[in-house]
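Per-entry structural report
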Amino acid sequence: MKVVDSIASLRALIGEWKRQGSSVGFVPTMGNLHDGHLKLVKRAKAHNDKVIISIFVNPMQFGANEDLDAYPRTIEDDKAKLIGEGADAVFLPSVQDMYPAGLDVQTFVEVPGISDVLCGASRPGHFRGVATVVNKLFNMVQPDDAFFGEKDFQQLQVIRTMVRDLSMAVTVHGVPTEREASGLAMSSRNGYLSTEEKAKASLIYQAMQKMKLAIEQGDTNFADIENSAISELEKEGFKNDYIKVVNAQTFMPAAADDKQLVIVVALFMGTTRLIDNLQITREV
Ligand code: AMP
């Protein structure tokens, strides 16, 4: 596996691949890789001739009081996992490479509407940071295909919208969420949880499944469904950010005749913010 740590060497490698006629699959990550990330790599391997993963903890998508400094950085372990998956290259840009003029004067990309609700409302500027870094990475890597997890469902929708609106020549693939046996969605932030907190965190998946069942059985009183999940999880010690049933395309509150819905959840367990979601397809 090639380890590429500058934009110039990345361009040389990608140029070589393209001259060979190889298709390029790309998996952007912030590292601390787990089986969820590796599932994206496996998908890319199955789809493309060459697969490259980026590892970059992007300061632009973190708020002032968030966990940028504490975010786990485990680069040697990550490289070993990527070699194990047969990845062709890993790209490790520096903050200086990505934002040479500094964040305050950085040109940005913003996807209107869906960037302002749910995680966008709780984390102002977050999706601007995500869209901007992914745009920059796409410009650098020039991938044919890019792979993102449905775990970050709103992020996936932001990326799809950006690619469509800016006519980018990349196909975006969404990959289903990888879960622990307990149902807990795998996340680098699960490492912040104590054993006891981690056991509790599996209740999120159970609560979402209960909500999904109620909706599949014809209950369209979404506010009641949301509120009972919130009170059950608050009783278990979670602090609610949001639990909502929304239209899977617009992220607006669900309507009784929406066919594609998604239950979206963001909760705090202690100081750790956990997100998850569950999609629902209805015959209405
Ligand atoms: P991150 O390193 O958290 O920025 O995630 C990098 C990519 O991996 C994003 O596209 C995430 O949606 C995806 N991802 C993170 N956790 C999971 C998971 N449990 N299952 C599937 N994909 C995931």
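Thresholds, definitions, all that
Residues numbered from 1 in each chain as written. Predicted model: local features only at pLDDT ≥ 70, side-chain atom pairs only at ≥ 80, totals over all residues. Heavy atoms only, no water. Salt bridge = Lys/Arg side-chain N within 4 Å of Asp/Glu carboxyl O. Helix = DSSP H or I, 4+ residues; strand = E, 2+ residues; numbered from the N terminus. Buried < 20%, exposed > 50% of the residue type's maximum accessible area, 1.4 Å probe, protein only. Phe/Tyr/Trp six-rings, centres within 6.5 Å; stacked < 30°, edge-to-face > 60°. Lys NZ or Arg CZ within 6 Å of the ring centre and 35° of its normal. Near = heavy atom within 4 Å. Polar contact = N/O pair within 3.5 Å; in protein donor to acceptor, adjacent residues only side chain to side chain. Expected span 1.5 Å × (residues − 1). Arc of directions from axis to C-beta. Contact = heavy atoms within 4.5 Å. Domains from an automatic or database assignment. Buried area = accessible area lost by both parts, 1.4 Å probe. Nonpolar A, V, L, I, M, F, W, Y, C, P; charged D, E, K, R; others polar. Pairing = 2+ DSSP bridges. Axes fitted to C-alpha atoms, helices over the stretch in contact; angles between N-to-C directions.

1. What to know about the pattern of salt bridges
Two side chains carrying opposite charge are able to pair once their charged atoms lie near each other. Counted according to the given criterion, the structure contains 13 salt bridges. With its nearest N and O atoms 3.3 Å apart, the salt bridge here joins Lys-79 to Glu-76. One end of the pair is Lys-79 and the other is Glu-76, both in helix α3 (residues 75-84) and three residues apart, which spans about a single turn. Its relative accessible area of 18% is what places Lys-79 among the buried residues. Between Lys-198 and Glu-180 there is a salt bridge whose closest N-O contact spans 3.6 Å. Of this pair, Lys-198 sits in helix α8 (residues 195-201) while Glu-180 sits in the loop between β6 (171-175) and α8, placing them 18 residues apart in sequence. Since its relative accessible area comes to 27%, Glu-180 is described here as partly exposed.

2. Here we look at the packing of aromatic side chains
Within this structure, the stated rule accounts for five aromatic pairs. With a centroid separation of 6.3 Å and an interplanar angle of 70°, the aromatic rings of Phe-26 and Phe-138 are classed as edge-to-face. Here the residue Phe-26 occupies a position in strand β2 (residues 24-29), and Phe-138 occupies one in helix α6 (residues 126-141), the gap between them amounting to 112 residues. Residue class for Phe-138 comes out buried when judged on its relative accessible area of 5%. Ring plane angle 55° and centroid distance 6.0 Å describe the contact between Phe-153 and Phe-251, whose orientation is recorded as tilted. Taken together, the residues span a long stretch of sequence, with Phe-153 in helix α7 (residues 153-165) and Phe-251 in the loop between β7 (239-247) and β8 (260-269) at a distance of 98 residues. For Phe-251, a relative accessible area of 3% gives the class buried. Here a set of aromatic residues connected by ring pairs shows up, and it is made of Phe-26, Phe-138 and Phe-148. Positioned over the ring face of Phe-108 is Arg-128, at 3.6 Å from the centre of the ring.

3. Looking at the site of the ligand
For the ligand, the set of nearby residues contains 17 residues, the closest of which are His-37, Gly-149, Asp-152, Glu-178 and Met-186. Within the backbone of Met-30, one N or O atom sits 2.9 Å away from an oxygen atom of the ligand. Of all the secondary structure elements, the ones that give two or more residues to the shell around the ligand are β2, α2 (35-47) and β5 (145-149). Of all the elements, α2 adds the most residues to the shell around the ligand, at three residues.

4. Description of helix α9 (residues 203-216)
A rise of 1.5 Å per residue sets the reference length of α9, with its 14 residues, at 20 Å; its end C-alpha atoms lie 20 Å apart and thus fit the reference within 8%. Ile-204, Ala-207, Met-208, Met-211 and Ile-215 are the residues of α9 that are buried. All buried residues of α9 lie within an arc of 100° about the axis, which places them on one face of the element. Where α9 is buried, its residues contact α8, α10 (222-235), β7, β8 and β9 (272-281). Note on α9: the residue one or two positions beyond its end, Gly-218, has a positive phi of about 105°.

5. Quick notes on the domain arrangement of the protein chain
Buried accessible area, meaning the area lost when the parts come together, often serves as the stated size of an interface. As assigned here, the protein chain comprises domain 1 (2-175) and domain 2 (188-276). The C-alpha centroid of domain 2 is placed 26 Å from the C-alpha centroid of domain 1. Together, the buried faces of domain 1 and domain 2 total about 1,500 Å²; carbon and sulfur atoms form 59% of this surface. Counting the surface domain 1 buries against domain 2, the share from its top three residues, Leu-118, Lys-151 and Phe-153, is 33%. Where domain 1 meets domain 2, there are one salt bridge. Close ionic contact of Arg-189 with Asp-67 constitutes a salt bridge, the shortest N to O distance being 2.9 Å. Summed over the shared surface of domain 1 and domain 2, the result is seven residue pairs in polar contact (both at pLDDT 80 or more). At the level of secondary structure, the elements contributing two or more residues to the side of domain 1 that touches domain 2 comprise α5 (119-122) and α7. Residue composition of the side of domain 1 that touches domain 2, grouped by class: nine nonpolar, seven polar and four charged.

6. Thoughts on the sheet that holds strand β1 (residues 2-4)
Taken in spatial order, the six strands make up an open sheet running β1-β4-β3-β2-β5-β6, and their pairing is parallel. Each edge of the sheet is formed by a strand with only one pairing partner; in this case those strands are β1 and β6. On average, each strand axis in the sheet is inclined to that of its neighbour by 25°, with strand direction left out of account. On the sheet, α7 packs against β5 and β6 and is oriented at approximately 170° with respect to β6.

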